[in-house]
Amino acid sequence: MGSIKLNTTYKNEIKLALQIGAVLFVSYFLSIVVFLFLPKEKPQSQIITTSTLEYKSFDFQNAFGSQEVVPSSVVVARKVKVVAPPPPPPPPPVIEPVVEIAPPPPPPPFALSINIVAIFDMGKGRGFLTINERGNKATTIISTGETYKSVKLLKVFPKYGLFLENDTEYKIELNSVAVADRQVGNKTTQQTSPAQSQIVAPTNSLGSERIQQIGNKTVVKKDLLEEYTKNSDKIWRDISLKENLTNGKIDGFKIDKIKRGSNFEKLGLQSGDILKSVNNVELKSYDEAMNIYKKVGNMSALNMKIIRGNEIMEIGYEIK
Amino acid sequence: MKSLMMQRSLKYVGFVLIFLFSFIAFLPKENIYFYYLEKLQHKNISFQNEEINSGAFNFSIVNGDVFYKDINAFKVESIEMKYLLVYGKIVTSNILFDGLKIDDMEFSWSILSPFQFDIILLSSDLNGYGTYDIQERNFELYLKPSMAVAKKYGAFFNQGELTKDGEYKIEYNL
């Protein structure tokens, strides 16, 4: 019978497969050689895996080593003081059975009692929030990274804040007040809260009559400032500020954008101005800026030092 | 003639690639890890309580505690290594160090810059990026900490240079 002759194409394929097989075998062989030179087990380490300190009892009687040995020729008769025998040890106390009292339930986390009244979002998770505790109208302003009682503000977002308490993160959404966006001119959703509904600000009422030029002075009506202090979102609709950093530290606030026709433009401020100080208080941190913001309603005059281009200017306002 | 030579050279390149990929796949990665653990022990660093998962082109360590001089310095949720001949990556997730949580830290290497590792740090408290030069054994990091972290580790950050972008440039030679 004739032998089966293989087609040349099959021969080439078999040859190729054998070559690949040889390559694989060589690589496997080399990996075994590497394996022989490597440790087969994880190295042992003597680690005491407790996190508490180890206290040892201190033996005061033998703490200072052996006593001096007196040679026999120098023995001196000593008066031996007779010490009364020690009193018998008291009987062991009767251990009463301990009644286990169930521990009190842990208090609810403080973060659940926080209410966000206003959000100022600076972008990239930074910003500050006006918050109060439920049932308490007094508000506090905290910025990113700051801790309020047992809660730390981690990040600020346009509609909520992220807090940390006892290794648990809490997302607290804005309750009611409109969120201020950092870009002037962006539309923001507005939801007035019942608590703030009594503050009615007609849209066109902040008109130019509240800012008047009398001679060389710029007179600002007090109710205009009061409205701004009660409604911070109205400020951020007209003006956008950002930190002015010098060597990584806040050195005033730069006016990023001013809305045309707004009260801030009428007050003589321009985009690009850097606010350095207000009433001789230098603006070196958000806290200082917020303190001035809180007090501005009670001021009778406002003097601002600004840098415009390369020029240092002082702008003064009288508040009536 | 030329096409035959091209075919032959492509064939040999193919064999080399097959060899390299199969060698990486067959390599005993766990034992390499034990080898480096031995080296780290000389520098008083050790890993404990970890789970090891090894694959053909990847290797990962899950839920490890890192000890430095017998103190539990930090915990790592996972360290994952991938190596594909021309590109390699080590990704560590959820590192907890002294109350500071680093969500992700990534070291990547590519054949385009063979003597340099790129580093990226992502976390709510600390962001950063940098490089590690293998030849010069030099770290160059640009770190941007949160206010609280900058205050707490002020002594460390003040060793570096503060850039205009508010980042701390830290250089460290191993």
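Note that this is a predicted model, so its numbers are computed, not measured. Every chain begins its residue count from 1, and numbering advances along the sequence as written. To label them, take the chains in the order written and letter them from A, then take the ligands in the order written and number them from 1. Selection of residues for local features in this predicted model requires a pLDDT of at least 70, selection of side-chain atom pairs for listing and counting requires 80 or more, and totals for whole chains, interfaces and linings are taken over all residues. Excluding hydrogens and water, the side-chain figures rest on all heavy atoms present in the structure.

Focus: a nonpolar patch on the surface
Residue and element names in this part refer to chain B.
Move 1: Residues forming no salt bridge and having over 30% relative accessible area are the ones grouped into patches, like charges within 9 Å of each other and nonpolar side chains (Val, Leu, Ile, Met, Phe, Trp, Tyr) within 5 Å. The accessible surface values rely on the Shrake-Rupley method and a 1.4 Å probe; as for residues, cover is taken only from the protein chains in view. One side-chain nitrogen of Lys or Arg within 4 Å of one carboxyl oxygen of Asp or Glu is enough to make a salt bridge. A contiguous nonpolar patch, built from Val 13, Val 16, Leu 17, Leu 20, Phe 21, Leu 84, Val 86, Tyr 87, Ile 111 and Leu 112 and spanning about 890 Å² of accessible area, is present on the exposed surface.
Move 2: A run of H or I in DSSP becomes a helix once it reaches four residues, and a run of E becomes a strand once it reaches two; helices and strands are each numbered from the N terminus. The dominant element in the nonpolar patch, judged by the number of residues it contributes, is helix 1 (residues 2-26), at five residues.
Move 3: Among the secondary structure elements, Leu 84 is positioned in the loop between strand 4 (71-83) and strand 5 (87-97).
Move 4: Exposure categories follow from relative accessible area, calculated using a 1.4 Å probe and restricted to protein chains: below 20% of the type maximum is buried, above 50% is exposed, and the middle band is partly exposed. What makes Leu 84 partly exposed here is its relative accessible area of 43%.

Considering the interface of chain A and chain B
Move 1: Contacts between chain A and chain B engage 31 residues on the former and 28 residues on the latter.
Move 2: Note on terms: buried area is the combined drop in 1.4 Å-probe accessible area of two parts once they are placed together, counting the loss on both. Here chain A packs against chain B, burying approximately 2,600 Å² in sum over the two surfaces, 71% of which is carbon and sulfur.
Move 3: A salt bridge links Glu50(B) to Lys42(A); the nearest nitrogen and oxygen atoms lie 2.9 Å apart.
Move 4: The term polar contact refers here to a pair of N or O atoms within 3.5 Å; inside protein, the definition further demands a hydrogen-donor-capable atom paired with an acceptor-capable atom, and it admits residues adjacent in sequence only when both atoms are side-chain atoms. Viewed at the interface, chain B and chain A are joined by five residue pairs in polar contact (both at pLDDT 80 or more).
Move 5: For the side of chain A that touches chain B, the secondary-structure elements that each account for two or more residues are helix 1 (8-37) and strand 5 (151-156) of chain A.
Move 6: The dominant element in the side of chain A that touches chain B, judged by the number of residues it contributes, is helix 1 of chain A, at 12 residues.
Move 7: Taken together, the residues of the side of chain A that touches chain B break down into 14 nonpolar, 12 polar and five charged. The contact criterion used is simple: two residues touch if any of their non-hydrogen atoms lie within 4.5 Å. Residues are grouped as follows: Ala, Val, Leu, Ile, Met, Phe, Trp, Tyr, Cys and Pro are nonpolar; Asp, Glu, Lys and Arg are charged; every other residue, Gly included, is polar.

Remarks on the sheet that holds strand 2 (residues 126-133) of chain A
Residues and elements named next belong to chain A.
Move 1: The sheet built from three strands is open, its strands ordered 1-2-3 with antiparallel pairing. The sheet terminates laterally at strand 1 (114-123) and strand 3 (139-143), the two strands that pair on one side only. Strand-to-strand twist across the sheet, computed as the mean angle between neighbouring axes with direction ignored, equals 20°.
Move 2: One ladder, built from eight bridges, connects strand 1 with strand 2; its direction is antiparallel. Each bridged residue has a counterpart across the sheet, and for Ala 118 the counterpart in strand 2 is Thr 130. Being paired, for any two strands, means DSSP has found at least two bridges between them. In this analysis, axes come from line fits to C-alpha atoms, helices being fitted only over the stretch in contact, and the angle between any two N-to-C directions falls in the range 0 to 180 degrees.

Quick notes on helix 1 of chain B
At 3.6 residues per turn, the α-helix brings residues three or four places apart onto the same side.
Move 1: Under the 1.5 Å per step criterion, the end-to-end length of helix 1 of chain B is 36 Å for 25 residues, consistent within 8% with the ideal 36 Å.
Move 2: Taken together, the buried positions of helix 1 of chain B are occupied by Phe15(B), Ser22(B) and Ile24(B). Here the expected span of a helix is defined as 1.5 Å times the quantity of residues minus one.

This is a description of form; function is not addressed.
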